[in-house]
Amino acid sequence: MSSKLIQPPPMAASLGAISKTTGNLKMLLSSSNFNNKTLSFSDNSFRLRPMFIGKVTEQSSASSPNEQQEAEEEEEEDITVFQIKEELYEALQGINRGIFGVKSEKKAEIERLVKLLECRNPTPEPTGELDKIGGCWKLIYSTITVLGSKRTKLGLRDFVSLGDLLQQIDIAQGKTVHVLKFDVRGLNLHDGEFRIVANFEIISKTSVEITYESSTIMPDQLMNIFKRNMNLLLGIFNPEGLFEISYPFNLIITRNYIDNVSLILIP
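The model shown is predicted, which means the values in this text are computed figures rather than measured ones.

Engineer: Is there a simple way to think about the overall build of the protein chain in this case?
Structural biologist: Scanning the protein chain from terminus to terminus reveals seven helices and nine strands. Relative to its full complement of 267 residues, the protein chain shows a buried share of 46%. Considering only contacts in the protein chain between residues 6 or more positions apart, those separated by 24 or more positions represent 71%. About 14,600 Å² of surface is accessible on the protein chain, with carbon and sulfur atoms providing 51% of the total.

Shown next as structure tokens:
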């Protein structure tokens, strides 16, 4: 039995706010298509770190800051998409998708690698090729965080465990379904979920606007745990807003207008 939530999302974005700059990232996922074709992401613990071999030239022992910066930029230009992804997957190891916070150095490293991928975007007009992102995705990184008192109120320290975060994208219907999985210790509850249904509309050659439609939580035992803090839960994970699709090939990267990062992986 599921409980229907009818209150509107407390963090719904106004059109005025949505029209602001969209320089932000928001999620990373792995997918299986709706047409029964299954795509999977293998997050192997053992990876070979890329090696970069270049021609050695004689340099002055006292290189200027500008020369050092130029050398670093040239090295970044030479790195391949495959190498960037390998480094990115390695950087994402052991941080639990970033939901409960990431050290500033690690966050900066991930952002740097994401920007390198964006500079190599093979699909400059992604909303014209949305078939590439249809399917079910699994979040592997987000800058959305649940920290401090928010984490305590939602019981996400010891009592409740946050499982997979999935995003199902139906291109034909123009809908997305965001699914948060929960396990509750002591109640033998292993398949609880919070489901948010939303619509999306193409806004430009690179962006879509997502609008909240409804949400449900199941089973009732899970609703009883969260009922006092439903507005908080929805406020954190409500997908509504304007999203810039900055890299939609194999690895989907989106940035939203409130500086949240999302990486979506298509194997």
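Engineer: Help me out: how do you make sense of the nonpolar core in this one?
Structural biologist: Nonpolar side chains in soluble globular proteins tend to end up buried together. The biggest cluster of nonpolar side chains holds 26 residues, and the ones touching the most others in it are V146, L156, F182, F194, F226, L233 and F237. Here the element with the most residues in this core is helix α7 (residues 230-237); it accounts for five residues.

Engineer: How do you make sense of the packing of helix α3 (residues 81-91) against helix α4 (residues 104-118) when you look at a structure like this?
Structural biologist: In helix packing, the relevant descriptors are the interaxial angle and the interaxial distance, both defined with respect to the helix axes. Taken N-terminus to C-terminus, the directions of α3 and α4 make an angle of 155 degrees; their axes are 10 Å apart at the nearest point. Classified by the angle their axes make, α3 and α4 are roughly antiparallel. Pair α3 / α4 crosses with left-handed handedness. Note on element contacts: α4 touches α3 through K106, E109, I110, R112, L113, V114, L116 and L117, opposite V81, I84, K85, E87, L88 and A91. Class assignment for the residues of the contact of α3 with α4 results in nine nonpolar, no polar and five charged.

Engineer: What should I look at first to understand α7 in this one?
Structural biologist: For an α-helix the count is 3.6 residues per turn, leaving residues at separations of three or four pointing the same way. Taken across its eight residues, α7 has six buried, putting it largely inside the fold. Buried within α7 we find M230, L233, L234, G235, I236 and F237.

Thresholds applied
- Position labels on residues start from 1 in each chain and follow its written sequence.
- In keeping with the model being predicted, local features are shown solely for residues with a pLDDT of at least 70 and side-chain atom pairs are shown and tallied solely at 80 or more, while totals for entire chains, interfaces and linings include all residues.
- Side-chain metrics in this entry use all non-hydrogen atoms of the structure; hydrogen atoms and water are not considered.
- Each helix corresponds to a stretch of at least 4 residues labelled H or I by DSSP, and each strand to a stretch of at least 2 residues labelled E; elements are numbered beginning at the N terminus.
- For every residue, the accessible area (1.4 Å probe, protein chains only) is compared with the maximum for its type, and the residue is labelled buried under 20%, exposed over 50%, or partly exposed between those bounds.
- Residues are treated as being in contact if the distance between any of their heavy atoms lies within 4.5 Å.
- To be clear on the numbers: accessible area is Shrake-Rupley with a 1.4 Å probe, and residue cover counts the displayed protein chains and nothing else.
- Think of a nonpolar core as a cluster: buried Ala, Val, Leu, Ile, Met, Phe, Trp, Tyr and Cys residues, connected wherever their side-chain atoms sit within 4.5 Å.
- Inter-axis angles, ranging from 0 to 180 degrees, are taken between N-to-C directions of lines fitted to C-alpha atoms, where helices are fitted over the stretch in contact.
- For classification purposes, angles smaller than 35 degrees are called roughly parallel, those larger than 145 roughly antiparallel, those between 65 and 115 roughly perpendicular, and all remaining angles oblique.
- Left-handed is the label given to a crossing in which the near helix is rotated counterclockwise from the far helix by less than a right angle, and right-handed is the label when the rotation is clockwise.
- Put simply, Ala, Val, Leu, Ile, Met, Phe, Trp, Tyr, Cys and Pro go in the nonpolar bin, Asp, Glu, Lys and Arg in the charged bin, and everything else, Gly too, in the polar bin.

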